[in-house]
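One letter stands for each residue in the lines below.
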Amino acid sequence: MFSNFQHLIDLNDYPVAWWNSLLELGVDIKNNPEKYAHECDNKIMATLFYEPSTRTQMSFQTAMLRLGGRIIGFDNPATSSVSKGENLKDTTKVVSNYADILVIRHPVAGSAKAAAISADCPVINAGDGGHLHPTQTLTDLLTLKIEKNKLSDMTIGLCGDLVNGRTVHSLCKALSCYKNNKFILISTPELKLPFYIKDIITANGSTFEEASSIEDVIDKLDVLYMTRIQRERFTSEQEYLAQKNIYVLDRLKMIKAKKDLIVLHPLPRVDEIAIEVDDDPRALYFNQAKYGVYVRMALILTMLKSQASSELLKGKVHNGIRCKNPKCITNSELYLPASFTGSGDNTLIECEFCDERMLI
Ligand code: NCD
């Protein structure tokens, strides 16, 4: 299924060279903001946020305003017609005719792709459930480029909720495409990185190991990416409470770390980084949030200028088979085609919306 517009649903839909040119543009925007101040005069960006957000929504809005454009949208679906039962297709169809570019955050995996299918303008995925968050990854890559001056040859520790953390999924998929990166996945058994992401890391030629404590591995790391336990994605409060507070980065743990380690966090922080760490020069999460504006400016400019189209669905519908992931958009927006890749001799198929794997 083709769309007449270029969308950003998953960074890995694009070659690494495309990411690199976005990052270069982001650096130029950071250094020469005045050059870009009128690039989006008369353009409108819509932000449809079906889930809470501070940084992603405001940095997108700031990015558009700094390019001279204007913004519309909602950050609480309860105040829009969504509360009257409007489906994602209709909301997207209508708003994409009001705006030149649409940014969507939604609690269900695959929702950004579903929105792109019916949109009449480019769509950017600002987080689809526990699945992906490509623009946070662009932010993370720009931070590494500026602060470490490289995107390869690093040992990267990722700590916390690796199963539900969409920022972690997108970051692993991206950083494993640069040479000689090694991942140390620090989590409890319940919060381990999904198998399909581990397979992507390996297929891209990178390696990973798993660890259960920060103390055991912190001395090996060039980057420590801390994440929040994603309370809203647990099925019960009890399951969340069992994971809460297991990982806390504090000043004592930082003593063992390299002098040039950098600590990143997509934010919001709950209690996984003690406030005392903020004064350590290696704590760069607030700079990281700032860099998000530059890279989102670069992304908006690039998408608005592009004449390209996108291939949104490449797979096929199998008679009577629906995705078995209850958190997949094809199970809440039932008009969507349940499209899967992988077939023929291969009995393993993968949902094109949420990446859930199934045997047929
Ligand atoms: C993250 C998100 O929404 O996935 N935040 C962000 O976009 N900066 C991380 C989180 O909510 O934990």
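Residues numbered from 1 in each chain as written. Predicted model: local features only at pLDDT ≥ 70, side-chain atom pairs only at ≥ 80, totals over all residues. Heavy atoms only, no water.

Caption draft 1: Structural view of the site of the ligand. Around the ligand lies a shell formed by Thr-56, Arg-105, His-133, Gln-136, Arg-166, Thr-167, Arg-228, Gln-230, Pro-266, Leu-267 and Pro-268. Taking Thr-56, its side chain carries an N or O atom lying 2.8 Å from an oxygen atom of the ligand. Between the ligand and the protein, one listed contact pairs an oxygen atom with a side-chain N or O atom of Gln-230 at 2.8 Å. The residue inventory of the shell around the ligand, partitioned by class, reads three nonpolar, five polar and three charged. (Near = heavy atom within 4 Å. Polar contact = N/O pair within 3.5 Å; in protein donor to acceptor, adjacent residues only side chain to side chain. Nonpolar A, V, L, I, M, F, W, Y, C, P; charged D, E, K, R; others polar.)

Caption draft 2: Fine view of the packing of helix α1 (residues 16–31) against helix α11 (residues 285–305). Direction vectors running N to C along α1 and α11 enclose 120 degrees, while the axes themselves pass 8 Å from each other. Of the possible angle classes, the one that applies to α1 and α11 is oblique. As for how α1 packs across α11, the hand of that crossing is right-handed. Along its contact with α1, which presents Trp-18, Leu-22, Leu-23, Leu-25, Gly-26, Ile-29 and Lys-30, the element α11 presents Tyr-291, Tyr-294, Val-295, Met-297, Ala-298, Leu-299, Leu-301 and Thr-302. Classifying every residue of the contact of α1 with α11 by side-chain character gives twelve nonpolar, two polar and one charged. (Axes fitted to C-alpha atoms, helices over the stretch in contact; angles between N-to-C directions. Helix = DSSP H or I, 4+ residues; strand = E, 2+ residues; numbered from the N terminus. Parallel < 35°, antiparallel > 145°, perpendicular 65-115°, else oblique. Left-handed = near helix turned anticlockwise from the far one by under 90°. Contact = heavy atoms within 4.5 Å.)

Caption draft 3: Structural detail: the side chain of Thr-92. Inspection of the secondary structure puts Thr-92 in helix α3 (residues 88–95). Of note is the side chain of Thr-92, whose polar atom sits 2.6 Å from the backbone oxygen of Leu-88. Setting aside its immediate chain neighbours within four residues, Thr-92 contacts Leu-102, Ala-115, Ser-118 and Ala-119.

Caption draft 4: Geometry of the packing of aromatic side chains. Within this structure, the stated rule accounts for five aromatic pairs. Measuring from ring centre to ring centre gives 5.2 Å for Tyr-50 and Phe-74, while their planes differ by 80 degrees; the resulting arrangement is edge-to-face. Of this pair, Tyr-50 sits in the loop between β2 (44–49) and α2 (55–66) while Phe-74 sits in strand β3 (residues 70–74), and the two are 24 residues apart along the sequence. Exposure class is identical for Tyr-50 and Phe-74. Each is buried. (Phe/Tyr/Trp six-rings, centres within 6.5 Å; stacked < 30°, edge-to-face > 60°. Buried < 20%, exposed > 50% of the residue type's maximum accessible area, 1.4 Å probe, protein only.)

Don't take any of this as a statement about function, it's just geometry.
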